[in-house]
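# A structural walkthrough
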Amino acid sequence: MTFNELCSRAWVRIVRSFRVLPMSVRWGLARCAAALFWIAVPKRRHVILTNLRLCFPEMSEGERRALARRVYVRLARAAVDHGTLWTGSKEEVRRLVSFKGLEHLLNPENRPVIVVSPHFAGLDAAGIALNTYVRGVSLYQKQSNPVWDKALLKGRLRFSNPVLIAKTGNNDLRPVMKAMREGLPFYYLPDMDHGRRNSIFAPFFGVEAATIPMVSRLARVMRAKVLWCIATMTDEGYSVEITAPLENFPTADPAADTARLNRELEGYIRRHPDQYLWVHRRFKTRPEGEPSVY
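As the structure is a prediction and not an experimental result, all values here were calculated from the model.

### Some details on unusual backbone geometry
A cis amide bond, omega -10°, links Arg111 with the succeeding residue Pro112. With respect to the helices, strands and loops of the structure, Pro112 is situated in the loop between helix H7 (102-106) and strand S2 (113-116). In this model, Phe249 is joined to Pro250 through a cis peptide bond whose omega is 0°. Checked against the element boundaries, Pro250 lands in the loop between strand S9 (238-242) and helix H12 (254-271). Phi is positive for Asn161, close to 50°, though the residue is something other than glycine. For Asn161, the location among the structural elements is in the loop between helix H9 (146-156) and strand S4 (163-166). Phi is positive for Arg223, close to 55°, though the residue is something other than glycine. Note on Arg223: relative accessible area 76%, which makes it exposed.

Written out as structure tokens, the structure is:
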């Protein structure tokens, strides 16, 4: 076993031990970790601040830096909370994560269904907690670190044995469509830049962002309902809002549908700007002729 594997295994054990910590201690750890990573990982800090400058030009630089620091704290506490998500009982997970609008997802009339869940701080908490109520299907990105990949996958498979399909880059949705036809909700993350292939450019906070129009096209092919799932962190846990099915969606215009989803996502982010995962390079792919923003 390599030194990196030993270190990774140790960190997994440490994260699992966080289950017993009261929330006040979790917040304290999160603030300490956030301060450390703010200094130690300047590349991620640069990405966050660049995203915030593009999306919130009306803010001062000081306001954006303060917001970025709060984002770090949220992400650190989400990491600490994996102790409960990975090892807690079904009852513990449900106490940590509360739902509003769960009936929309559980309603058998809303099938097939796509659950659109963007990258908010409570994303993993919502996904694991949803598995205590309903079995679903989702795509997942394999981690480069095999120890962390195994731990994350094991944590996500704990309840109801969901169908988790590793992304391969081939965009083969046949396993997803098969599971949807069997009545499983498709839990989909819509807001990553996956490059130019299969993407279109749609405005996101007024900036053209490479976006895969999968929600519109898949909903049209499958005649599926589409629900938003917004997972935000609270002082004591997480609150997850699941909306009623979107009206007049999809249309015959995937580009217009994708732009609509981006606009609606903007609205949720403006309500909770420090809850969004600004650390990913959302504007990595630029339209032809535009320079990199990072």
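Continuing now.
### Quick word on the pairing of strand S3 (residues 137-140)
Inspection of the sheet shows S3 paired to S4 by four bridges, in the parallel sense. Opposite Val137, over in S4, you have Val163 as the bridge partner. In this structure, S3 lies alongside strand S5 (residues 186-188), joined through two bridges in parallel fashion. Of the residues in S5, the one forming a bridge with Val137 is Phe186.

### Examining the packing of helix H10 (residues 174-181) against helix H11 (residues 214-222)
With their axes 12 Å apart at the nearest point, H10 and H11 run at an angle of 50° to one another. By the criterion of interaxial angle, the relationship of H10 to H11 is oblique. Both H10 and H11 take part in a crossing whose hand is right-handed. Taken together, the residues of H11 that come into contact with H10 (itself represented by Val176, Met177, Met180 and Arg181) are Leu218, Val221 and Met222. Classifying every residue of the contact of H10 with H11 by side-chain character gives six nonpolar, no polar and one charged.

### Let's talk about the nonpolar core
Ranked by internal contacts, the top residues of the largest apolar core, which has 81 residues, are Leu105, Ile114, Phe186, Leu218, Ile242 and Trp278. If sequence neighbours within four positions are ignored, Phe186 has contacts with Val113, Ile114, Val115, Val137, Ser138, Leu139, Val176, Met180, Met214 and Leu218. Grouped together as the second largest cluster of nonpolar side chains are eight residues, Val12, Val80, Val147 and Ala151 included.

### Description of the pairing of S2
Looking along a regular strand, one sees side chains alternate from face to face of the sheet. Burial of S2 is two-sided: the residues Val113 and Val115 facing one way and the residues Ile114 and Val116 facing the other way are all buried. The pairing of S2 with strand S8 (residues 225-233) spans four bridges and is parallel. Bridging across to S8, Val115 finds its partner in Leu227. As defined by bridge partners, S2 adjoins S5 across three bridges and the pair is classed as parallel. Bridge pairing in S5 links Ile114 to Phe186.

### Describing the sheet that holds S3
Spatial ordering of the open sheet is given by S1-S9-S8-S2-S5-S3-S4, a layout of seven strands whose pairing is mixed. The sheet is open, and its two edges are formed by strand S1 (97-100) and S4, each paired on a single side. Shown here is a sheet whose adjacent strand axes are inclined to one another by a mean of 25°, direction ignored. Seen against the sheet, H12 touches S8 and S9 and runs at an angle of roughly 20° to S8.

Cut-offs used in this document
- Residues numbered from 1 in each chain as written.
- Predicted model: local features only at pLDDT ≥ 70, side-chain atom pairs only at ≥ 80, totals over all residues.
- Heavy atoms only, no water.
- Helix = DSSP H or I, 4+ residues; strand = E, 2+ residues; numbered from the N terminus.
- Buried < 20%, exposed > 50% of the residue type's maximum accessible area, 1.4 Å probe, protein only.
- Pairing = 2+ DSSP bridges.
- Axes fitted to C-alpha atoms, helices over the stretch in contact; angles between N-to-C directions.
- Parallel < 35°, antiparallel > 145°, perpendicular 65-115°, else oblique.
- Left-handed = near helix turned anticlockwise from the far one by under 90°.
- Contact = heavy atoms within 4.5 Å.
- Nonpolar A, V, L, I, M, F, W, Y, C, P; charged D, E, K, R; others polar.
- Core = buried A, V, L, I, M, F, W, Y, C linked by side-chain atoms within 4.5 Å.

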